[in-house]
Structure formats: structure tokens, C-alpha cells
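Architecture at a glance
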Amino acid sequence: MIFKNAMMEKVGIFFSFSSNKTARIGEKIIDAFGSESIEKVNAESVTVKEFLKFKNYIVGVPTWFDGELPLYWDEFVPAIKDMDLSGRKFAIYGLGDQKGYPENFNDGVGLFAELVTDQGADIVGFTTSKGYEFEGSLAAKDGMFCGLCLDQENQSKLSEKRIADWVEQIKKEFS
Ligand SMILES: Cc1cc2nc3c(=O)[nH]c(=O)nc-3n(C[C@H](O)[C@H](O)[C@H](O)COP(=O)(O)O)c2cc1C
């Protein structure tokens, strides 16, 4: 078994190490996933070489500025637009506030999904949008979110189970 683990490719998890809630959720995802099979990369300082090291990705994307990506991801967008991401799988988790920003709830998840699928990547980790109350979200289509949408402002008690279920789901979808 040790040999098998050593041969397994690590999943790359990307989030801002100096973010607040996104980093805390990132650590919870690492714990649930098993730290031995995941490598943590700081989204604030990631290089193209580091970004392209993986086949399977978990990306932390809080929504900021009324429906926008946070600055550190926004600055990396031109680099991603130059990449060929075909054959790679992305699972995106987002942080948002459905009461404060009901028209742009977790838009960042949708923006990031579109960004990487335009470069040939596949999205995994779709979840139901049942159980949330919002008016609009670029992450939502036909009753599903294209990632895990968390709301620590209004539904923090639901996050633990949402994370645990999602990690089990993406483990299967990555393989
Ligand atoms: C100025 C500002 C703008 C925000 N805009 C949105 C938004 O458009 N949509 C949304 O769902 N959440 C929005 N939020 C809520 C954040 O995404 C949420 O607080 C998140 O947990 C922040 O994560 P972080 O602390 O890791 O950056 C906004 C928060 C602030 C302070």
C-alpha cells in the first residue's frame, strides 16, 4: 500500500494563504482529503510552472467586488488564458454571501469554471443548489452549482457536511 501511495499523483489545492475563510476551508478540505495525497499551493504567488504540475485540481475562489474574482486570481487570468488544460480536472470551491450579495452569489466559482473550461479542462464536483436562497449566480445552472458553494456568513453550520460529502464525491470523480 505504501508503494501504491508513493506512485499516486498528488492533487494540487490552490487558495490564498492570506485569505481568511477560504484558507480555513482549504485546510478542512485537506484534512478530509488526506494531507498525504494533496499538495498545497499559494494562489497569491503561484507560477505557471507550479500551476501546470497537476492533473487534478482543487481551487478556492471567494467572490469579491460584487461578482468578481479576488485580485490574486484576477491577476493570474491572463496566464491561464495561455494554457492548454485539456486532460485536467478542476474541482472548485467558493465562498460567498447569499444574503449580502443575492444577485452574485458565488459568481467567482462560475467565472473560474468558465475560464478553465475555455482552456480545455473538465469540471468535477457539481453540487445541488437546493438549500440556498439567492437570486442569481454565475455558478448555477439547471439547479446545480459547478462546484461547492459555501456561505460562512449565513450557513456556516452546513459547511462541515457539505465539505465531507463533496470531498468523497471528487475523490471518485478524480480517479
Ligand atoms: C467587498 C465585498 C464584496 C463581496 N462580494 C460578494 C459577491 O459578489 N458575491 C458573494 O457571493 N459574496 C461576496 N462577498 C462575500 C465574500 O465572498 C465572503 O465574505 C467570503 O467568505 C470571503 O472569503 P475570504 O475572507 O476568504 O476572502 C463579498 C464580500 C465583501 C467584503
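Everything here concerns the structure above.
Residues numbered from 1 in each chain as written. Predicted model: local features only at pLDDT ≥ 70, side-chain atom pairs only at ≥ 80, totals over all residues. Heavy atoms only, no water.

Our next topic: the environment of N56. Secondary-structure assignment places N56 in strand β3 (residues 56-62). Judged by its relative accessible area of 15%, N56 is buried. Along the chain, N56 and L148 lie 92 residues apart, while their C-alpha atoms are 16 Å from each other. Each residue touching N56, except ones within four places of it in the same chain, is listed here: V11, G12, K89 and F174. (Helix = DSSP H or I, 4+ residues; strand = E, 2+ residues; numbered from the N terminus. Buried < 20%, exposed > 50% of the residue type's maximum accessible area, 1.4 Å probe, protein only. Contact = heavy atoms within 4.5 Å.)

Moving on, we get to the packing of helix α2 (residues 21-33) against helix α6 (residues 156-174). Look at α2 against α6: their axes get within 10 Å of each other, and the N-to-C directions meet at 60°. Classed by the angle they form, the pair α2 and α6 counts as oblique. Judged by the sense of rotation from one axis to the other, the crossing of α2 with α6 is right-handed. Every residue of α6 that contacts α2 at I25, K28, I29, A32 and F33 is listed here: I163, W166, V167, I170, K171 and F174. Here the contact of α2 with α6 is composed, by residue class, of nine nonpolar, no polar and two charged. (Axes fitted to C-alpha atoms, helices over the stretch in contact; angles between N-to-C directions. Parallel < 35°, antiparallel > 145°, perpendicular 65-115°, else oblique. Left-handed = near helix turned anticlockwise from the far one by under 90°. Nonpolar A, V, L, I, M, F, W, Y, C, P; charged D, E, K, R; others polar.)

Let's shift gears to the pattern of salt bridges. Side chains that differ in charge, positive against negative, can pair when their charged atoms come close. For the coordinates displayed, the defined rule picks out five salt bridges. Here K53 makes a salt bridge to E39, at a shortest N to O gap of 2.8 Å. Here the residue K53 occupies a position in the loop between α3 (48-51) and β3, and E39 occupies one in strand β2 (residues 38-42), the gap between them amounting to 14 residues. Between E168 and K171 there is a salt bridge, with the nearest N and O atoms lying 3.9 Å from each other. Here E168 and its partner K171 are both found in helix α6, three residues apart, which amounts to about one turn of the helix. E168 sits in the partly exposed class, given a relative accessible area of 41%. By relative accessible area, K171 is classed as partly exposed at 33%. (Salt bridge = Lys/Arg side-chain N within 4 Å of Asp/Glu carboxyl O.)

Note: strand β1 (residues 11-15) against β2, five bridges, orientation parallel. By the bridge assignment, I13 is partnered in β2 with K40. In this fold, the crossover linking β1 to β2 by way of α2 has right-handed handedness. (Pairing = 2+ DSSP bridges. Right-handed = clockwise from strand over helix to strand, strands pointing away.)

Every one of the 18 residues lining the ligand counts as a neighbour, but T22, T63, G67, N104 and E153 are closest to it. D97 places a polar main-chain atom, nitrogen or oxygen, 3.1 Å from an oxygen atom of the ligand. When the ligand is considered free in solution it has 650 Å² of accessible area, and contact with the protein chains removes 84% of it. For the shell around the ligand, the residue count by class is six nonpolar, eight polar and four charged. (Near = heavy atom within 4 Å. Polar contact = N/O pair within 3.5 Å; in protein donor to acceptor, adjacent residues only side chain to side chain. Areas by Shrake-Rupley, 256 points an atom, 1.4 Å probe, with all protein chains shown as cover.)

The values reported here are purely geometric and, on their own, carry no functional implication.
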